[in-house]
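Each chain, written out:
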Amino acid sequence: MKIGVLALQGAFAEHITALHRLEVETVPVRLPRQLVGLDGLIIPGGESTTITSLMLSYNLRTEISRLAENGLPILGTCAGMILLAREVSDDGVEPVSVMGITVRRNAFGRQRESFEADLEIPVLGEKPFPGVFIRAPLIEQVTDEVEVLARLDDNTIVAARQGTLLACAFHPELTDDLRFHRYFLSIAGGE
Ligand code: GLN
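Criteria and cut-off values
Residues numbered from 1 in each chain as written. Predicted model: local features only at pLDDT ≥ 70, side-chain atom pairs only at ≥ 80, totals over all residues. Heavy atoms only, no water. Buried < 20%, exposed > 50% of the residue type's maximum accessible area, 1.4 Å probe, protein only. Helix = DSSP H or I, 4+ residues; strand = E, 2+ residues; numbered from the N terminus. Pairing = 2+ DSSP bridges. Phe/Tyr/Trp six-rings, centres within 6.5 Å; stacked < 30°, edge-to-face > 60°. Lys NZ or Arg CZ within 6 Å of the ring centre and 35° of its normal. Contact = heavy atoms within 4.5 Å. Near = heavy atom within 4 Å. Polar contact = N/O pair within 3.5 Å; in protein donor to acceptor, adjacent residues only side chain to side chain. Areas by Shrake-Rupley, 256 points an atom, 1.4 Å probe, with all protein chains shown as cover. Nonpolar A, V, L, I, M, F, W, Y, C, P; charged D, E, K, R; others polar. Arc of directions from axis to C-beta. Salt bridge = Lys/Arg side-chain N within 4 Å of Asp/Glu carboxyl O.

A.B. asks: Could you clarify how one ought to interpret the pairing of strand β11 (residues 157–162) in this entry?
C.D. replies: Within a regular beta strand, the side chains point alternately toward one face of the sheet and then the other, so they alternate between its two faces. Here β11 lies mainly inside the structure; six of its six residues are buried. As judged from the four bridges shared by strand β10 (residues 147–151) and β11, these two strands associate in the antiparallel manner. Within β11, the residue paired with A150 across the bridge is A159. Hairpin connection from β10 to β11: five residues lie between these consecutive antiparallel strands, with N155 at a positive phi of about 85 degrees. Pairing analysis gives four bridges linking β11 to strand β12 (residues 165–168), with the strands arranged antiparallel. Following the sheet pairing, R161 is matched in β12 by L166. Here β11 hands over to β12 after two residues, with G163 in that stretch at a positive phi of 60 degrees.

And the structure:
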């Protein structure tokens, strides 16, 4: 299995480390040709406005969108989740626009800008997952095709899946818990 990690800006190195720990071949993706032959792609957290403009400069946005429509499994974390959304409450971002979620950027206000929360994510088993939130977005709305995977105690949606597309508002690559990555690999492997 070969997984690409979009390596334009943000926390891509941490995703590559997590995938190495799972003994998966990884490709840092900076050019469209590096998307060829991948079994999955991770779009990391970072600054979605910056990643947008770099994706446009390197002609990656249209190609990623086309591959996603053709079933390429993609995991978007934090800014990566914003980039998967069909609707973003911000004009500075031009998302890849493939997932039926409406996302609000920097949604937690100053006091809760960054926080950790133990999340119940039934698809990962009973043990709570350590959610690390950094200037995180939230999912305001989902369409019928989208399965909600995790919510905060106040019901805010923070992880979702639509077929082979997976998105979370938190940073699984910044914890030692590899279950979220493993779950993505199972999707990439056809489960
Ligand atoms: N605040 C960032 C954005 O709007 C996302 C933060 C992150 O990826 N940690 O793009």
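We are not done yet, so read on.
A.B. asks: So what exactly am I meant to see when it comes to the packing of aromatic side chains here?
C.D. replies: The description of two aromatic rings rests on the distance between their centres and on the angle between their planes. Enumeration over the complete set of coordinates arrives at seven aromatic pairs. Centre to centre, the rings of F108 and F133 are 6.2 Å apart; their planes meet at 65 degrees, and the pair counts as edge-to-face. Placement of F108 in the loop between β6 (99–104) and β7 (114–119) and of F133 in strand β8 (residues 129–134) is noted, with a sequence separation of 25 residues between them. Both residues of the pair, F108 and F133, count as buried. A ring pair is formed by F170 and F180, whose centres lie 5.5 Å apart and whose planes are at 75 degrees; its orientation type is edge-to-face. Of the two residues, F170 sits in the loop between β12 and α5 (179–188) while F180 sits in helix α5, which places them ten residues apart along the sequence. Neither F170 nor F180 differs from the other in exposure class; each is buried. A network of ring pairs unites the aromatic residues F108, F115, F129, F133, F170 and F180 as a single cluster. Lying across the ring of F115, R112 places its NZ or CZ 4.3 Å from the centre.

A.B. asks: Where do I start with the environment of L54 in this structure?
C.D. replies: Assignment of secondary structure puts L54 in helix α2 (residues 48–57). With a relative accessible area of 24%, L54 lands in the partly exposed category. In sequence terms L54 and R30 are 24 residues apart; their C-alpha atoms lie 9.1 Å from each other. Among all residues touching L54, those that are not within four sequence positions of it are L8 and Q9.

A.B. asks: I tried to follow the site of the ligand on my own but got confused; where do I start?
C.D. replies: Around the ligand, the structure places G45, G46, E47, S48, C78, A79, I82, R105, N106, I134, R135 and H171. Between the ligand and G46 there is a distance of 2.9 Å, counted from an oxygen atom to a backbone nitrogen or oxygen. Take R105: an N or O atom from its side chain is 2.7 Å from an oxygen atom of the ligand. When isolated, the ligand has an accessible area of 300 Å², and the protein chains bury 96% of it. Here the shell around the ligand is composed, by residue class, of four nonpolar, five polar and three charged.

A.B. asks: Can you help me understand helix α1 (residues 12–21) in this one?
C.D. replies: Residues lying three or four places apart along an α-helix face the same way, a consequence of the helix completing one turn every 3.6 residues. Within α1, the full set of buried residues consists of F12, H15, I16, A18 and L19. The arc that holds the buried residues of α1, viewed along the axis, is 160 degrees, so those residues lie on one side. Just downstream of α1 lies E23, where phi reads positive at about 60 degrees.

A.B. asks: Which parts of the structure should I look at to understand the pattern of salt bridges?
C.D. replies: A pair can form between side chains of opposite charge whenever their charged atoms are brought close. Counting across every chain of the model gives nine salt bridges. With its nearest N and O atoms 2.7 Å apart, the salt bridge here joins D90 to R105. Remark: R105 occurs in the loop between β6 and β7 and D90 occurs in the loop between β5 (85–88) and β6; sequence separation between them is 15 residues. The residue R179 makes a salt bridge to D177 at a minimum N-O spacing of 2.8 Å. Each member of the pair, R179 as well as D177, carries the same accessibility label: buried.

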